[in-house]
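# Coordinates in review
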Amino acid sequence: MKGKFITFEGCEGVGKSRQIKLLEEYMKKNNVDYLLTREPGGSIISEKIRGIILDKENDKMTPACEALLYASARVQLLDEVLKPELEKGRLVICDRYVDSSLAYQGYARGLGYEFVAKINDYALKNFCPDYTVFLKLTPEEAFKRKGGVDKTDRVELLGKEFHEKVYNGYLELAKKFSDRFIVIDASGSKEETHQKIINALKEKGIL
Ligand SMILES: Nc1ncnc2c1ncn2[C@@H]1O[C@H](COP(=O)(O)OP(=O)(O)O)[C@@H](O)[C@H]1O
Ligand SMILES: [Mg+2]
């Protein structure tokens, strides 16, 4: 893999999208070539799968079905977009990736790390992120900051206990993959968090 692959992770509302936007502005200003994509989604087929996963009418969806749908969306994005772009040597930034599945489906839904890692082997094979920017903020703080849950989002509606499990799952992953995880304290202002991310990516030679 010639290019660099950077993912952003963290609980709902911690500022992933906001920080990626600020990073984009920085990269544009500094003439850094990049491709931005998101999960689940990032290709026409994967965006359709995203719609099924997030639709709040699909409240009968089983954890296993959900985990397999995420993996399907991921494999499609990987083959269609990520692999070709990374082979060309581009810097690829992805809003969420496999760690979201490990944290949400593995730890929080109770399917277990091993099971979710196994079904994600297609996506994981050689295409692990070079670095994962983990925005560390508890779900409690994040929901307080964004003024409550988004009632149209099936995942956001899952409740406090679920999101606590996701958070603890991420902490486990940060320990397990300490060589690739960049843990950023996201409790400060947007600008403070942005500066921390820029410094960290510079230190790793990405920017
Ligand atoms: N550092 C911050 N301080 C205060 N509010 C923030 C901060 N970062 C993000 N927000 C706000 O929190 C909400 C969720 O941010 P968002 O970037 O959409 O999170 P995510 O993509 O991680 O779900 C948005 O309304 C955003 O403007
Ligand atoms: Mg977002």
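A few points on the structure. All chains use their own residue numbering, which begins from 1 and follows the written sequence. The order in which chains are written sets their letters, starting at A; the order in which ligands are written sets their numbers, starting at 1. With the structure being a predicted model, the display of local features is reserved for residues of pLDDT at least 70 and the display and counting of side-chain atom pairs for 80 or more, all residues being used for whole-chain, interface and lining totals. Only hydrogens and water are removed before side-chain values are computed, so all heavy atoms of the structure are retained for them.

With that out of the way, let us pick up the site of ligand 1. Near ligand 1, the surroundings consist of 13 residues, among which Gly13, Lys16, Ser17, Arg18 and Gly188 are the closest. A distance of 3.1 Å separates a nitrogen atom of ligand 1 from a polar atom in the backbone of Lys190. In short, Shrake-Rupley with a 1.4 Å probe defines the accessible areas, and a residue's cover is counted only from the protein chains shown. Here ligand 1 has 560 Å² of accessible area as a free molecule, and 74% of this is covered by the chains. Taken together, the elements giving at least two residues each to the shell around ligand 1 come down to helix 1 (16-29) and helix 7 (139-146). Numbering of helices and strands starts at the N terminus; helices are DSSP runs of H or I of at least 4 residues and strands are runs of E of at least 2. By residue number, the principal contributor to the shell around ligand 1 is helix 1, which donates three residues. Looking at the shell around ligand 1 residue by residue, the class counts come to two nonpolar, five polar and six charged. Any residue with a heavy atom positioned within 4 Å of a molecule or strand is treated as near that molecule or strand. Polar contact is defined as a pair of N or O atoms within 3.5 Å, subject to the rule that within protein one atom must be able to donate a hydrogen and the other to accept it, and that residues adjacent in sequence are counted only when both atoms are side-chain atoms. Residues are sorted three ways: Asp, Glu, Lys and Arg are charged, Ala, Val, Leu, Ile, Met, Phe, Trp, Tyr, Cys and Pro are nonpolar, and all the rest, Gly among them, are polar.

Let us look at the pairing of strand 4 (residues 131-136). In this scheme, a residue with accessible area under 20% of its type's maximum is buried, one over 50% is exposed, and one in between is partly exposed, where area comes from a 1.4 Å probe on protein chains only. Counting buried residues in strand 4 gives five out of six residues, a clear majority hidden from the surface. Between any two strands, pairing holds if DSSP finds at least two bridges. Across four bridges, strand 1 (residues 4-9) lies against strand 4 in parallel orientation. Along strand 4, the bridge assignment pairs Ile6 with Tyr131. Sheet analysis places strand 4 next to strand 5 (residues 181-185), joined by five bridges and oriented parallel. Directly across from Thr132, in strand 5, lies its bridge partner Phe181.

Moving on to the sheet that holds strand 1. One open sheet holds the five strands; their spatial order is 2-3-1-4-5, and the pairing between them is parallel. Each of the sheet's edge strands pairs with one partner strand only, and the pair in question is strand 2 (34-38) and strand 5. Each strand axis lies, on average, 20° off the axis of its neighbour in the sheet, ignoring direction. Convention adopted: a line fitted to C-alpha atoms gives each axis, helices being fitted over their contacting stretch, and angles between N-to-C directions are expressed from 0 to 180 degrees.

Pairing of aromatic rings covers Phe, Tyr and Trp, the last through its six-membered ring, and needs centres within 6.5 Å; plane angles under 30 degrees mean stacked, over 60 mean edge-to-face, and all others mean tilted. A complete count under the given rule lists six aromatic pairs for this structure. Consider the rings of Tyr104 and Tyr170, whose centres lie 6.5 Å apart with planes at 85°: the pair is edge-to-face. Of this pair, Tyr104 sits in helix 4 (residues 98-108) while Tyr170 sits in helix 8 (residues 160-176), and the two are 66 residues apart along the sequence. Both residues of the pair, Tyr104 and Tyr170, belong to the buried class. Consider the ring centre and the ring normal. A charge sits over the ring if Lys NZ or Arg CZ is within 6 Å of that centre and within 35 degrees of that normal. One residue, Lys176, lies across the ring of Tyr113, its end atom 4.2 Å from the ring centre. In this structure, Arg180 is placed above the aromatic ring of Phe177, and the distance from its NZ or CZ to the ring centre is 4.5 Å.

Between the first and last C-alpha of helix 1 there are 20 Å, a value that for 14 residues agrees with the 20 Å anticipated at 1.5 Å per step. Within the span of helix 1, buried status applies to Lys16, Gln19, Ile20, Leu22, Leu23, Glu24, Tyr26 and Met27. Directly after helix 1, the chain includes Asn31, whose backbone phi takes a positive value near 55°. Between the first and last residue of a helix there are one fewer steps than residues, each counted as 1.5 Å, and that sum is the expected span.

With that out of the way, let us pick up the side chain of Arg50. Among the structural elements, Arg50 can be located in helix 2 (residues 44-54). In this structure Arg50 is buried but unpaired, with Glu47 as the nearest side chain of opposite charge at 4.4 Å. Neither His nor the chain ends is counted toward charge; the positive residues are Lys and Arg and the negative residues Asp and Glu. In the sections that follow, a salt bridge refers to a side-chain nitrogen of Lys or Arg positioned within 4 Å of a carboxyl oxygen of Asp or Glu.

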